[in-house]
Amino acid sequence: MKAYLKLMMLCFGLILLHSCQDKEKQQSVEINTPEEVKEAAKETPDIADQHFIDGMTGKIWHNYLEIKMALTNADADEVQDVAESMIASFSAERAEMKAIAQQMSETGDLERQRELFAIFTEKAGPMFEDALSGGTIYKKFCPMAFDNKGAYWYADIEEINNPYFGDKMPDCGSVEKTIKK
């Protein structure tokens, strides 16, 4: 019994000794100069950090990216759902874009949705570029879309995820323009 108590006391002592170690030695604090912060920002990818001069454009941009991803994943139901929620974001002066979003919400035909997305991109692209107040967006082009007529789309990352061909040719396309503010 004494041996057992000694063993228990020894284990308790080791646990106590370990828990009382100087935790300050294990902690580290790094203080960066403003120059180091700016340099680190250059090396950090621009993902989901776009800011726009107005809330309407920001909401539309967010929905646009969701529709682009749904088209990339060939999910016509998701395109309809997101387009439906996008409709409420438009102001009166954007009636033409609102009408295109309405058409996307009303069709379950994936190829028609892709055609409407290309038309929407033509109309919304200049708005995205003009209203960007911070971050980076990428204008991309797929030369093979719509029987080699080609089509543009915008994205928040540089990587190509083609909404016009989905999983058939996900890497088809290139970055045509980088818009950075």
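Residues numbered from 1 in each chain as written. Predicted model: local features only at pLDDT ≥ 70, side-chain atom pairs only at ≥ 80, totals over all residues. Heavy atoms only, no water.

**Student:** I would appreciate a short explanation of the environment of Gln50 in the present structure.
**Tutor:** Structurally, the position occupied by Gln50 is in the loop between helix 2 (34–43) and strand 1 (51–52). The exposure class assigned to Gln50 is buried, which follows from its relative accessible area of 12%. Beyond its immediate stretch of four places on either side in the chain, Gln50 contacts Trp61, Leu132, Gly134, Gly135, Thr136, Ile137 and Asp156. Within the structure, Gln50 has its side chain in polar contact with the side chain of Trp61 (distance 3.4 Å). Engagement of the side chain of Gln50 in a polar contact is seen with the backbone oxygen of Thr136, the distance being 2.9 Å. (Helix = DSSP H or I, 4+ residues; strand = E, 2+ residues; numbered from the N terminus. Buried < 20%, exposed > 50% of the residue type's maximum accessible area, 1.4 Å probe, protein only. Contact = heavy atoms within 4.5 Å. Polar contact = N/O pair within 3.5 Å; in protein donor to acceptor, adjacent residues only side chain to side chain.)

**Student:** I tried to follow the pattern of salt bridges on my own but got confused; where do I start?
**Tutor:** Once the charged atoms of two side chains with opposite charge are near each other, the side chains can pair. Inspection of the entire model under this criterion finds 4 salt bridges. Lys123 is the salt-bridge partner of Glu96, the closest N and O atoms lying 3.3 Å from each other. Highlighted residues: Glu96 in helix 5 (residues 95–106) and Lys123 in helix 6 (residues 110–131), separated in sequence by 27 residues. The salt bridge partner of Arg114 is Glu111, with a shortest N-O separation of 3.0 Å. Here Arg114 pairs with Glu111, and both are found in helix 6, just 3 residues apart, close to one helical turn. On the basis of relative accessible area, Arg114 is assigned to the buried category, the value being 4%. (Salt bridge = Lys/Arg side-chain N within 4 Å of Asp/Glu carboxyl O.)

**Student:** Whenever I open this one, the environment of Thr72 confuses me. Can you help?
**Tutor:** Mapping Thr72 onto the fold places it in helix 3 (residues 55–72). Taking relative accessible area as the criterion, Thr72 reaches 10% and is therefore assigned buried. Put simply, Thr72 and Pro163 are 91 residues apart on the chain and 4.1 Å apart in space, counted from C-alpha to C-alpha. Residues within four places of Thr72 in sequence aside, it is in contact with Asn161, Asn162, Pro163, Gly166 and Asp167. One polar contact links the side chain of Thr72 to the main-chain carbonyl oxygen of Asn161, over a distance of 3.4 Å.

**Student:** Would you mind showing me how to read the packing of helix 4 (residues 76–87) against helix 5 here?
**Tutor:** A pair of packed helices is characterised by two quantities: the angle between their axes and the separation of those axes. As a packed pair, helix 4 and helix 5 sit with axes 7 Å apart at the nearest point and diverge in direction by 150°. Regarding the angle of helix 4 to helix 5, the classification is roughly antiparallel. Here the hand of the crossing between helix 4 and helix 5 comes out left-handed. Mapping the contact onto sequence places Val79, Gln80, Ala83, Glu84, Met86 and Ile87 in helix 4 and Lys98, Ala101, Gln102, Met104, Ser105 and Glu106 in helix 5. Classifying every residue of the contact of helix 4 with helix 5 gives 6 nonpolar, 3 polar and 3 charged. (Axes fitted to C-alpha atoms, helices over the stretch in contact; angles between N-to-C directions. Parallel < 35°, antiparallel > 145°, perpendicular 65-115°, else oblique. Left-handed = near helix turned anticlockwise from the far one by under 90°. Nonpolar A, V, L, I, M, F, W, Y, C, P; charged D, E, K, R; others polar.)

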